Amino acid sequence: MPLNIVVCLKQIPNPDLQFQIAPDGKDIKRDALNYKLNGADEYALEEGVRLKEKSGGRVVALTAGPKRTEQMLREALAKGADEVIRIAFDEAAAYDVGKVSRLLAAAIRTMPHDLVLTGVQSDDLVNSATGGLVAGLLGLPHASVVTRVEVKGNGLEVACELEGGLQRLYSIALPAVLTIQFGANTPRYAPLPAIMKAARQPIRELSPAALGFASWEAVPLPYTFAVRGLSPPAAKGHAEMITGSVDEQAKKLAQFLRDKGFGRR
Amino acid sequence: MAEYTPDGYGQAARAVVESANPRLILVAHTSQGYDLAPALAGAMDLPLVTNCLALRFEGERLVATRRLLNEKVQVEVEIASSRPIVATVRPGSVKPAGPAAGGTVTVMPVRIDPSKARTRFLSIERPQVQDIDIAGADIVVSAGRGIQKKENLPLIEEFAKALGGVVGASRPLTDMDWLPKTRQVGQSGKTVRPKLYVACGISGAMQHVAGMKDASLIIAINTDPSAPIFEVAHVGIVADVLKLLPATLKELKS
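Residues numbered from 1 in each chain as written. Chains lettered and ligands numbered in written order. Predicted model: local features only at pLDDT ≥ 70, side-chain atom pairs only at ≥ 80, totals over all residues.

Once that is clear, we can look at the interface of chain B and chain A. Taken together, the contacts link 75 residues of chain B with 77 residues of chain A. The biggest single contributor to the side of chain B that touches chain A is helix α2 (residues 33-44) of chain B, with nine residues. As defined by bridge partners, strand β9 (residues 167-173) of chain A adjoins strand β7 (residues 119-125) of chain B across six bridges and the pair is classed as antiparallel. Of the residues in β7(B), the one forming a bridge with A:S171 is B:R120. (Contact = placed C-beta atoms within 7 Å. Helix = DSSP H or I, 4+ residues; strand = E, 2+ residues; numbered from the N terminus. Pairing = 2+ DSSP bridges.)

Time to look at the pairing of strand β2 (residues 48-52) of chain B. Residue and element names in this part refer to chain B. The buried fraction of β2 is high, at five of five residues. The sheet contact formed by β2 and strand β6 (residues 85-89) spans three bridges and is parallel. Bridging across to β6, V49 finds its partner in A87. (Buried ≥ 20, exposed ≤ 12 C-beta atoms within 10 Å, placed from the backbone.)

Glancing now at the domain arrangement of chain B. Frequently, the measure chosen for interface size is the accessible area that the parts lose on association. Residues and elements named next belong to chain B. Taken domain by domain, chain B consists of domain 1 (6-92) and domain 2 (134-253). Computed from C-alpha atoms alone, the centre-to-centre distance between domain 1 and domain 2 is 33 Å. Every contact between the two is made by six residues of domain 1 and, on the other side, seven residues of domain 2. (Domains from an automatic or database assignment.)

Regular strands have side chains that alternate between both faces of the sheet. Examined bridge by bridge, strand β12 (residues 224-231) of chain A and strand β5 (residues 73-80) of chain B share seven bridges and lie antiparallel to one another. Bridged to A:L230 within β5(B) is B:V75. Sheet analysis places strand β4 (residues 61-68) of chain B next to β5(B), joined by seven bridges and oriented antiparallel. From the neighbouring strand, B:V63 faces β5(B), where its bridge partner is B:E78.

Right under this line is the structure:
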């Protein structure tokens, strides 16, 4: 059964970096950030490409973001997406997941979709909300934290991860939305010829008008949303630090462990 | 309704919200909670804020405190709406209050149409791997991405052995199959409460911390002084584990 698969991707600042807060306090400083494809979305893309390779069909990678996201979309092409689409929503921070999800849902409505995939969370805003919101907005069934997907008859069988290492298995009718968990598969590396080819492929852009909005500011929302401000996290507590050179630290740590009754003498 | 399904519970939640029209709908930010809440908000066109550490109303506005970017940045956002607001709250972020007298439970019968259920529960699968149970160990030495490559695992094993403990891991390592899933400490893995927990090259994402924060003594080793693991650790060392552990082993043996 050939599947029209849409994979929603997000480009995020590498969360391993240090961050500074912008002077107006409403965002992080973005001038020298290193961006990457969100971790869980990598697994969603791979799952989509694998399903296509098995069942036939097409994979469209979709994002809402500024021009810089083109680099991520080309990576998606090189890793097996057939088409990439950028919703030209240029807000760099995009803190309101409700708004972004409404843009994604509006775009998905304009294209054939048997299956919509995205990562279980983004590592920058950690909302774990996009997949569920999109499913609700489109009126589609969904499952979250998916670690396994199998096509069975006209639908899917999926395994969803619960706390404590348990999995809950469902059957789910298509069309459907799934959020894919880290580690669901082993994402492939893009082969060099595919990277070269992806550099020349077109990237479709969707303007507000293409989605039926007068402007990005005019997207109808049932609420108002505002960022009040960013701050360094108020530390809950802090460890007592062992300082010095590595050798000094090792000496102090070994002494500390012995004093507490750990470690063989 | 014996078993959760996104569709069945979703139908029930929608029926209750429609008839009760609450100001705020609170859901735990667990794998089941963030399955249910966003879809409910989407289906009913409601405002949503998730993974909140704290919530308060200021007049009409709901103000939510959240953490971003590996816990390194805190943000306050506000939502105002005439519609019910859906919010998910991170487990452990609020101390449960004691029981209060005088509450009543309102039971609302709702009609679920099974013919409209598009997700069907099949079964629960339990991990079947034969392995040591890290949840029962007194001393757990856990490795994270800071150990850089699989070839460095023997160093962690040697350190664990020197302390008489077992080796655990953060999620990225079990995802890469460096260690079996049974060794994963955290929300989607095991919850451990050992006498000693040593976090080696683990940044301390909330999913990991949820599984080890109740250890009696936590020692964290990480190169990044701003790593959130130092917030939950009792003793912290800013160092490369690959250098610190061999030096400490030497000290322990001398």
